[in-house]
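Understanding the architecture of this molecule
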Amino acid sequence: MDMNLNFNEIEKKWNAHWEKEDLYNVEMDISKPKFYVLDMFPYPSGAGLHVGHPLGYIASDIYARYKRMKGYNVLHPMGFDAFGLPAEEYAIETGIHPADSTEANIKRYCEQMKLLGFSFDWNRMIKTCDPKFYKWTQWIFTQLFEHYYNSFEDKAKSIDSLIKIFEKEGNTKVKARHENKNAFSANDWNLYSDKEKSEILMDYRLAYRKVGYVNWCEKLGTVLANDQVKDGISERGGHPVEKKAMTQWYLRITAYAERMITGLQTLEWSDALKTMQANWIGRSEGATILFDIINSDKTLEIYTTRPDTIYGATFMVLAPEHPYVAEQTNEHQKKEVEKYISYVNSRSEIERMAEKKVSGAFIGAYAYNPFTKKEIPIYISEYVLLDYGTGAIMAVPSDDDRDEAFAEKYNIDIIQVIDKSDFPGATLHDKVGKIINSDFLNGMEVIEAISAMCAKIEEMGIGEKKINYKLRDSNFSRQRYWGEPFPITFDSNNIAHVSDISELPVTLPHTHDFIPGKGGESPLSRIKDFLNPKEGIKRETDTMPAVAGSSWYHLRYMDPNNDEDLASAEKINYWQDVDLYVGGAEHAVAHLMYARFWHKFLFDLGKVPTQEPYKKLVNQGMIQGVIEYINLQKEKIDGVNRFVSIEIVNEEEKTQWVKIPVHVDFISDYGSENSYLDANGIKQFLDWRSAYKGNCSFESKKGIYNEKNLPNDFRLTTISEVGKMSKSKFNVINPDEVVEKYGADCFRMYEMFLGPIEQSKPWDTQGIDGVYKFLKRYISLFFKGENFLLSSEKATEEELKILHKTIKKVNHGIERFSFNTCVSAFMVCTNELKKIHSNKMEILSPLNILLAPFAPYITEELNSVMRGNSRSVHLEVYPTHNETYLQEEAFDYPICFNGKKRGMHSFPSSYSPKQIEAEVAKLEVFRKWTEGQTVRKVIVVPKRMVNIVVS
RNA sequence: GCCGAUGUGGCGGAAUUGGUAGACGCGCUGGAUUCAAAAUCCAGUAUCUUCGGAUGUGGGGGUUCGAUUCCCCCCAUCGGUACCA
């Protein structure tokens, strides 16, 4: 072995070795406790793995290796989230089939990941686009279709059992999550046609079809989920999005809203994430109240969280789309209402978000306030949303700022009903104060009044307590090619049927005609064999969204090749749930909500033994890239493009310049404040953007040059901005070159050394030399001169202290997920051992084991030389520290008076604080110091100080 | 607006969770080695200072013998979210 290790060589050697030995293969083993460490699997993008991806993978790998060495049976798999829009967009651009580009990207990702020495069990690799995998995604969908949510038992039950109830007693006694409120008897049910029955059942299913307003993106040719739309623009591609009524598949996630809220308490997730989820679900307690409409037999149902303020309700507001608008508007107001509705429809999503105007129209009808006994006008306004609550509100201008603004604009009475004078800091939203002007509620506190009013309306039979959620059922249809087909067929009556398990998977047909159809036609509808498998049978041609596969993939890793079940009961029972889940916070809502929902559903089916899929979750921060631009003058001068170094562009003229992004590969001093393009970089830039070739000038303090006469020391300073690493910003840094230069171990340790993994930070390689130096110094511990030489002498007390101190710090650091402090501990340890020229086997062997999860290659190599190729260092037991070596014989205690240091004294470190206190009192100096003062107390902080408090 | 997080040297960041703030690394300064460079090693590196100290963890107050850590108010940055009744 050579002291100047060739990292790339030993990486290749050990990778091959580990693969041959199948070192990281894991099987069920009931003799060991299990531990499941999971990374959010990546979407295999064309840009390859960038330096940000591995941040989480390295952390989870260290933890997985650590747990394995602690005696756990660790499941640590990796796979690919392979369905989705980007591959399809790429396919439309290039004609390359998504299956082919995805496969190529996966291959590249695998190679890159293997390079980094992760201990994944590659035998368990999964891809969501693999029919063997999506067979079970489809199967779960069939189960959602075949179940409804029984609110009485608070779990999903089969549709068959619901049909039996309908046949016996109709739907009046059924407590379930559904939308339609029409009641029917057993007799009614039995007389319904198949078509009618199927429509009623559809209203109960957990996977159902309905007409809904969806986010339609014409450019992408598909429907998008709410969280794929940002500011009225699609997250992917930035195209405009509009509301459109379409018949779509939905998943009744709202049925699980309550369980998803309560479940949060059991999770070891960050508070930030838990509140994000809680806000997304948006639970609110309130009541529905019925208001009679004057001169009509109809009643208007509203939802409010503040029934106590009903004496202040001076008008009603409906959503413009509310069904009553058409039937209750009187002749006189018709014109105005129609005008308002067309105004609302003309306003795009973006406009509505940008400017919130107070606007509305009176429909000419009145409602009867059952408490004030007054007739109050009914308005429509866009600030009331159709799909929240009942789509109608009682407006209390004294206690809601939107209602107040509306009342002011339309000159409606405002009646104060709450006296908040006892609560000076309280806002309109705070539920505090005394009720006034409210008859029987007068004098009550708000909280008290709410329950009194709830009781009253229930007694009067005009309303009831109700819990509402902001969470909406999730749209599950995409009119796209590259996704899981639905296991659904329609018969000649257009009744939907799910495929039997024997017919699964419904394979995605191979075609090159994957361009989205106009107006929401799915590409699959153009494939006749797929569309009409049999005479009179039509298949569903939409596909599932990308979140489908990732909602349950954690279970498939447990038993990835099972053709009989999504995973065998035995294996699910053994592996249970994910103990540690690591991934980016960008999936905080969508993916984690779906996964929790599906997991709970599978729990109801008895498929999984746990309520929650991911026990502990760590969100790694993003490693951002620096985007580099050069300045180009907007106007060409004599047909010449003028590029100017930023230090000579002055502030006022900034508007005359445009920023041209430059590929980071051409930049010198990348990531530093003074990054620049040198002459060579400019040449590369011109080869890359050949349109500028031969017609541009470059200017810096040095002077103006063209590409032909550029001096070698020319520098064009660039503008650096921190932003997401992305192919389109030309700032993706792949780990490959870093690994080639410094080695995988160094790359791993450097990424951990950057700081806490939860934090986002821009990538820079400024400090990587420090880690590289550390590794070289570490290796040099094992050498004397050029020769590998370790001493078998017994270790000294001092050496043992250094070792055990490090073991303690590293163990503690790993447990807290604070890997940067672990790396520091290794550096300190190496420096200290180096200083005393320690080269004892007894010290270096355990130290090497300690370092193994961080630097798997180097430690394996050293281990094999040290112990003669015996056993992989990764199969060793992780060292634990021995307290006795950490104790010092004596410790110098600063003696302080009221916190001020007055002297030092040495006490044996085995002394307890009490013993020290007694000893201090006996000291000669103590008497001298305390003369004439009262000693209030003596505080002994072990290994820190003795403080004497006097007054 | 609301919710959440963060704020410590020139920089990335430590601090055993209330106990000597600035570990470790980068950068910088000086030195050794070298014909020279790289590499390596050694020393120094918060600020002010009359060299005894004084001041310092975004700002202001509080609790405490003692606060980066706990409490209250304010400021800044980042992330999420928004007519949700």
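Keep in mind that what you see is a predicted model, and the values were worked out from it rather than measured.

**Thoughts on the overall build of chain A**
Of regular secondary structure, chain A possesses 31 helices and 41 strands. Overall size of chain A, expressed as C-alpha extent along the three principal axes, is 100 × 90 × 70 Å. Taking all 951 residues of chain A together, the buried fraction comes to 53%. Considering only contacts in chain A between residues 6 or more positions apart, those separated by 24 or more positions represent 71%. Accessible area for chain A stands at about 44,100 Å²; split by element, carbon and sulfur atoms hold 49% of it. Once the 118 positive and 135 negative side-chain charges of chain A are each reduced to a mean point, those two points are 4 Å apart.

**As for the pattern of salt bridges**
Taken as a whole, this structure holds 38 salt bridges when the rule is applied. In this structure, the salt-bridge partner of Glu540 is Arg209, at a minimum N-O distance of 3.5 Å. Of this pair, Glu540 sits in the loop between β24 (538-539) and α17 (547-550) while Arg209 sits in strand β7 (residues 207-217), placing them 331 residues apart in sequence. Exposure remark for Arg209: the relative accessible area of 25% places this residue in the partly exposed category. Taking the shortest distance from any N to any O, the salt bridge between Arg283 and Glu285 comes out at 2.8 Å. Classification of Arg283 as partly exposed rests on a relative accessible area of 31%. Each of the salt bridges in this network shares a partner with another, and the network as a whole consists of Lys34, Asp577, Asp579 and Lys615.

**Some points on the side chain of Asn839**
Relative to the helices and strands, Asn839 resides in the loop between α26 (819-835) and α27 (841-851). Residues in contact with Asn839, not counting those within four places in the same chain, are Leu781, Leu789, Leu790, Ser791 and Leu844.

**Observations regarding the protein's contact with RNA strand B**
The environment of RNA strand B is formed by 46 residues, the closest being Thr305, Tyr388, Arg402, Arg944 and Asn947. Considering RNA strand B, the proportion of its atoms within 4 Å of the protein that are sugar or phosphate atoms stands at 55%. Between RNA strand B and Gln759, the relevant distance is 3.1 Å, taken from a phosphate oxygen to a side-chain nitrogen or oxygen of the residue. Looking at the surface near RNA strand B, the elements with two or more residues in it are α10 (271-281), β13 (299-304), α24 (768-780), α26, β40 (935-941) and β41 (945-950). The greatest single-element share of the surface near RNA strand B, amounting to 6 residues, is contributed by α26. In terms of residue class, the surface near RNA strand B is built from 18 nonpolar, 15 polar and 13 charged.

**Some remarks on the sheet that holds strand β1 (residues 34-39)**
With parallel pairing, 4 strands are arranged side by side in an open sheet as β2-β1-β25-β26. Both outer strands of the open sheet, β2 (73-75) and β26 (614-620), are each paired with one neighbouring strand and no more. Within the sheet, the average angular offset between the axes of one strand and its neighbour, ignoring direction, is 20°. In terms of strand pairing, β1 meets strand β25 (residues 578-584) through 3 bridges, oriented parallel. Pairing of Leu38 across the sheet is with Tyr581, part of β25.

**Considering the confidence of the model for chain A**
With 97% of its residues at a pLDDT of 70 or more, chain A has an overall mean of 88. Confidence estimates for the predicted assembly give a pTM of 0.90 and an ipTM of 0.94.

**Here's the deal with the packing of helix α25 (residues 797-815) against α26**
α26 packs onto α25 with a crossing angle of 170° between their chain directions and a minimal axis gap of 8 Å. Comparing their axes, α26 and α25 come out roughly antiparallel. Contact with α25, carried on its side by Ile802, Lys805, Thr806, Lys809, Val810, Gly813 and Ile814, involves Phe819, Thr821, Cys822, Ala825, Phe826, Cys829, Glu832 and Leu833 of α26 and no other residues of that element. Partitioned by chemical class, the residues of the contact of α25 with α26 number 9 nonpolar, 3 polar and 3 charged.

**Some thoughts on the sheet that holds strand β21 (residues 474-475)**
Ordered by their spatial adjacency, 4 strands build an open sheet running β8-β7-β11-β21, and the pairing between neighbours is antiparallel. The open sheet has two edge strands with one neighbour each: β8 (222-224) and β21. Bridging between β7 and strand β11 (residues 242-251) involves 10 bridges; their strand directions are antiparallel. Following the sheet pairing, Lys210 is matched in β11 by Gln248.

**Let's talk about the packing of aromatic side chains**
As enumerated under the stated definition, the model contains 70 aromatic pairs in all. Ring-pair connections join several aromatic residues into one group, and the members of that group are Phe35, Tyr63, Tyr66, Tyr72, Phe817, Phe819, Phe826, Phe854 and Tyr878. Its guanidinium or amino end placed over the ring of Phe145, Arg205 lies 3.8 Å from that ring's centre, counting from NZ or CZ. Residue placement shows Arg252 over the ring face of Tyr208; its charged tip is 4.0 Å from the ring centre.

**A few points about helix α5 (residues 131-145)**
The end-to-end C-alpha distance of α5 is 20 Å, a good match for the 21 Å that 15 residues give at a rise of 1.5 Å each. Along α5, 13 of the 15 residues are buried, which leaves the element largely enclosed by surrounding structure.

**Topic: the environment of Ser864**
If you trace the backbone, Ser864 turns up in helix α28 (residues 856-867). Residue class for Ser864 comes out buried when judged on its relative accessible area of 10%. In this structure, the C-alpha to C-alpha distance between Ser864 and Ile310, residues 554 residues apart in sequence, is 80 Å.

**Here's the deal with the environment of His804**
Position of His804 among the secondary structure elements: in helix α25. Relative accessible area serves as the criterion here: at 9%, His804 is assigned to the buried category. Leaving out residues up to four positions away in the same chain, His804 has contacts with Thr880, His881, Asn882, Tyr885 and Leu886.

**Digging into a positive patch on the surface**
Among the surface-exposed residues, Lys773, Lys776, Arg777 and Lys834 lie close enough to one another that they form a single positively charged patch. When residues in the positive patch are grouped by element, the largest group, 3 residues, is from α24. Take Lys773: it is sitting in helix α24. Note on Lys773: relative accessible area 49%, which makes it partly exposed.

**Some points on the nonpolar core**
Of all hydrophobic cores here, the largest spans 177 residues; its most connected members are Trp249, Phe476, Tyr553, Met749, Ile814 and Phe854. Counting residues in hydrophobic clusters, the runner-up holds 39 residues, among them Val325, Tyr340, Val396 and Ala449.

**As for unusual backbone geometry**
Residue Pro505 follows Leu504 across a cis peptide bond; omega there is -5°. In this model, Asp439 sits at a positive phi of 50°, which is unusual for a non-glycine residue. With respect to the helices and strands, the residue Asp439 is situated in the loop between β19 (434-435) and α15 (446-460). In this structure, Phe817 takes a positive phi of about 60° despite not being glycine. Its location among the elements puts Phe817 in the loop between α25 and α26.

**Here we look at the packing of helix α9 (residues 257-264) against helix α20 (residues 590-604)**
The contact between α9 and α20 brings their axes to 11 Å, and the two run at 105°. Between α9 and α20, the crossing angle belongs to the class labelled roughly perpendicular. Facing α9, whose interface residues are Arg259, Met260, Gly263 and Leu264, α20 presents Met593, Arg596, Phe597, Lys600, Phe603 and Asp604. Residues that form the contact of α9 with α20 fall into these classes: 5 nonpolar, 1 polar and 4 charged.

**Remarks on the pairing of β7**
The pairing of β7 with β8 spans 3 bridges and is classified as antiparallel. Directly across from Cys217, in β8, lies its bridge partner Thr222. Linking β7 back to β8 in an antiparallel pair, the connection comprises 4 residues, with Gly221 at a positive phi of about 70°.

Conventions used here
Residues numbered from 1 in each chain as written. Chains lettered and ligands numbered in written order. Predicted model: local features only at pLDDT ≥ 70, side-chain atom pairs only at ≥ 80, totals over all residues. Heavy atoms only, no water. Helix = DSSP H or I, 4+ residues; strand = E, 2+ residues; numbered from the N terminus. Buried < 20%, exposed > 50% of the residue type's maximum accessible area, 1.4 Å probe, protein only. Contact = heavy atoms within 4.5 Å. Areas by Shrake-Rupley, 256 points an atom, 1.4 Å probe, with all protein chains shown as cover. Lys, Arg positive; Asp, Glu negative; His and termini not counted. Charge placed at Lys NZ, Arg CZ, Asp CG, Glu CD. Salt bridge = Lys/Arg side-chain N within 4 Å of Asp/Glu carboxyl O. Near = heavy atom within 4 Å. Polar contact = N/O pair within 3.5 Å; in protein donor to acceptor, adjacent residues only side chain to side chain. Nonpolar A, V, L, I, M, F, W, Y, C, P; charged D, E, K, R; others polar. Pairing = 2+ DSSP bridges. Axes fitted to C-alpha atoms, helices over the stretch in contact; angles between N-to-C directions. pLDDT = per-residue confidence, 0-100. Parallel < 35°, antiparallel > 145°, perpendicular 65-115°, else oblique. Phe/Tyr/Trp six-rings, centres within 6.5 Å; stacked < 30°, edge-to-face > 60°. Lys NZ or Arg CZ within 6 Å of the ring centre and 35° of its normal. Expected span 1.5 Å × (residues − 1). Patch = residues over 30% accessible without salt bridge, like charges linked within 9 Å, V, L, I, M, F, W, Y side chains within 5 Å. Core = buried A, V, L, I, M, F, W, Y, C linked by side-chain atoms within 4.5 Å.

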